[in-house]
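Structure assessment
These are the residues of each chain, in order.
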Amino acid sequence: MRAQLIPLDGGDPVEITKDLTLVGRKEECDLRLDHKSVSKLHCVIVKTDGLLLLRDLGSTNGTRVNGQRIRRAALLPNDQVTIASFKFRVHLGPGNIPVAPDEHTQHLDAKEVAHLMNKMQANNMAESDPEIPVVPVQANVLPDVYPDDAARPR
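This is a predicted model, so every value here is computed, not measured. Per-chain numbering applies: the sequence of each chain, read as written, is numbered from 1 onward. For a predicted model such as this one, the threshold for reporting local features is a pLDDT of at least 70, and the threshold for listing and counting side-chain atom pairs is 80 or more; totals across whole chains, interfaces and linings nevertheless cover every residue. Only hydrogens and water are set aside when side-chain values are computed; all heavy atoms of the structure are taken into account.

1. Notes on the overall build of the protein
Numbering of helices and strands runs from the N terminus; a helix is a DSSP stretch of H or I covering at least four residues, while a strand is a stretch of E covering at least two. Within the protein, the regular secondary structure consists of 2 helices and 11 strands. Buried means the residue's accessible area, taken with a 1.4 Å probe over protein chains only, is under 20% of the maximum for its type, while exposed means over 50%, and partly exposed covers the values in between. Taken over 154 residues, the protein has a buried fraction of 31%. When contacts within the protein are restricted to residue pairs at least 6 apart in sequence, those whose partners lie at least 24 apart make up 41%. As displayed, the protein offers around 10,000 Å² of accessible surface, 54% of which is attributable to carbon and sulfur atoms. When checking whether two residues touch, look at their non-hydrogen atoms; a contact exists if any pair is within 4.5 Å. In this description, accessible areas are obtained by the Shrake-Rupley approach with a 1.4 Å probe, and a residue is regarded as covered only by the protein chains that are shown.

The structure is reproduced here in structure tokens:
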């Protein structure tokens with residue numbers, strides 16, 4: 001799967017080629033954004049099985065997906081990602097970069113996802129190896145979005 005971050009202010013697309021891409025101001029980062037608004041270790045992008053996952057690393061100025069400040073998020077094609085003051089559009093898939101339609105990331109309730117995963121695991125128990133323990137999925141106590149930003153009108 002080809003994954004790119006397309007800068008909204010112009011410039012060359014950023015290819016996400018590694019399974020784990022560290023974004024920040026430090027020289028050791030895979031995607032180095034040299035500006036004081038970017039934390040030294042700002043966020044990480046994980047590329048796995050046709051999916052991009054984004055996780056903020058406790059940055060000062062935050063990471064946003066489609067305007068919503070996040071701790072972690074799954075990225076969909078044409079999502080807008082803001083890393084401090086840098087804005088990108090997500091491109092996934094082969095070929096040329098398409099024109100962005102009006103799409104947004106869907107909010108997933110952690111408890112609902114955990115319930116569905118546990119239900120799916122229970123259905124697959126009969127087919128699984130009895131020597132491999134099945135650990136139920138637990139919802140993370142931290143929300144994916146920051147509550148104060150979610151409550152504030154835009």
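After presenting the structure, the write-up continues.
2. As for the pattern of salt bridges
What counts as a salt bridge is simple: a side-chain nitrogen of Lys or Arg found within 4 Å of a carboxyl oxygen of Asp or Glu. Here the structure, examined in full by the defined rule, presents 3 salt bridges. Among the salt bridges present, the one from Glu15 reaches Arg2, with a minimum N-O distance of 2.9 Å. Of this pair, Glu15 sits in strand 2 (residues 14–15) while Arg2 sits in the segment before strand 1 (3–7), and the two are 13 residues apart along the sequence. We note a salt bridge from Asp34 to Arg32, for which the minimum N-O separation is 3.8 Å. In this structure Asp34 comes out as exposed when scored by relative accessible area, which is 57%. Of the residues examined, Arg32 reaches a relative accessible area of 40% and is grouped as partly exposed.

3. Focus: the side chain of Thr21
Mapping Thr21 onto the fold places it in strand 3 (residues 20–24). For Thr21, a relative accessible area of 6% translates into the label buried. Filtering out sequence-adjacent residues up to four positions away, Thr21 remains in contact with Ile16, Asp30, Leu31, Cys43, Val44 and Ile45.

4. Overview of the nonpolar core
Leu52 and Leu54 are the most contacted members of the largest nonpolar core, which totals 22 residues. Elements with a contribution of two residues or more to this core: strand 1, strand 5 (43–48), strand 6 (51–56), strand 9 (72–75), strand 10 (80–83) and strand 11 (86–92). Not counting chain neighbours up to four residues away, the residues in contact with Leu54 comprise Cys43, Val44, Ile45, Thr63, Val65, Ile70, Arg71, Arg72, Ala73, Leu75 and Val81. Think of a nonpolar core as a cluster: buried Ala, Val, Leu, Ile, Met, Phe, Trp, Tyr and Cys residues, connected wherever their side-chain atoms sit within 4.5 Å.

5. Side note on the sheet that holds strand 5
Any two strands with at least two DSSP bridges between them are considered paired. Strands sit in the order 4-3-5-6-9 across an open sheet of 5 strands; the sheet is mixed. Of all the strands in the sheet, the pair left with one neighbour each is strand 4 (31–32) and strand 9. Of the pairings in the sheet, the one linking strand 3 to strand 4 comprises 2 bridges and is parallel in character. Residue pairing across strands places Val23 opposite Leu31, the latter belonging to strand 4.

6. Observations concerning unusual backbone geometry
Phi angles above zero are rare outside glycine, and Asn78 is one such case at about 70°. Looking at the element boundaries, Asn78 is found in the loop between strand 9 and strand 10. For Asn78, a relative accessible area of 11% puts it in the buried group. Even without being glycine, Ala84 reaches a positive phi, approximately 55°. Of note, Ala84 is situated in the loop between strand 10 and strand 11.

7. Side note on the confidence of the model for the protein
Here the protein averages 82 in pLDDT, while 75% of its residues score no lower than 70. For every residue, the pLDDT score states the predictor's confidence, bounded by 0 at the bottom and 100 at the top. Under a pLDDT of 50 for its full length, residues 98–102 has, in the predicted model, 5 contacts with residues more than four places off or in other chains.

8. Section: the sheet that holds strand 1
Within the open sheet, the 6 strands sit side by side as 2-1-11-10-7-8. Their pairing is antiparallel. Only two strands of the sheet have a single neighbouring strand rather than two, namely strand 2 and strand 8 (68–69). Pairing analysis gives 2 bridges linking strand 7 (residues 63–65) to strand 8, with the strands arranged antiparallel. Residue Arg64 lies in a different strand from strand 8, and its bridge partner there is Arg69.

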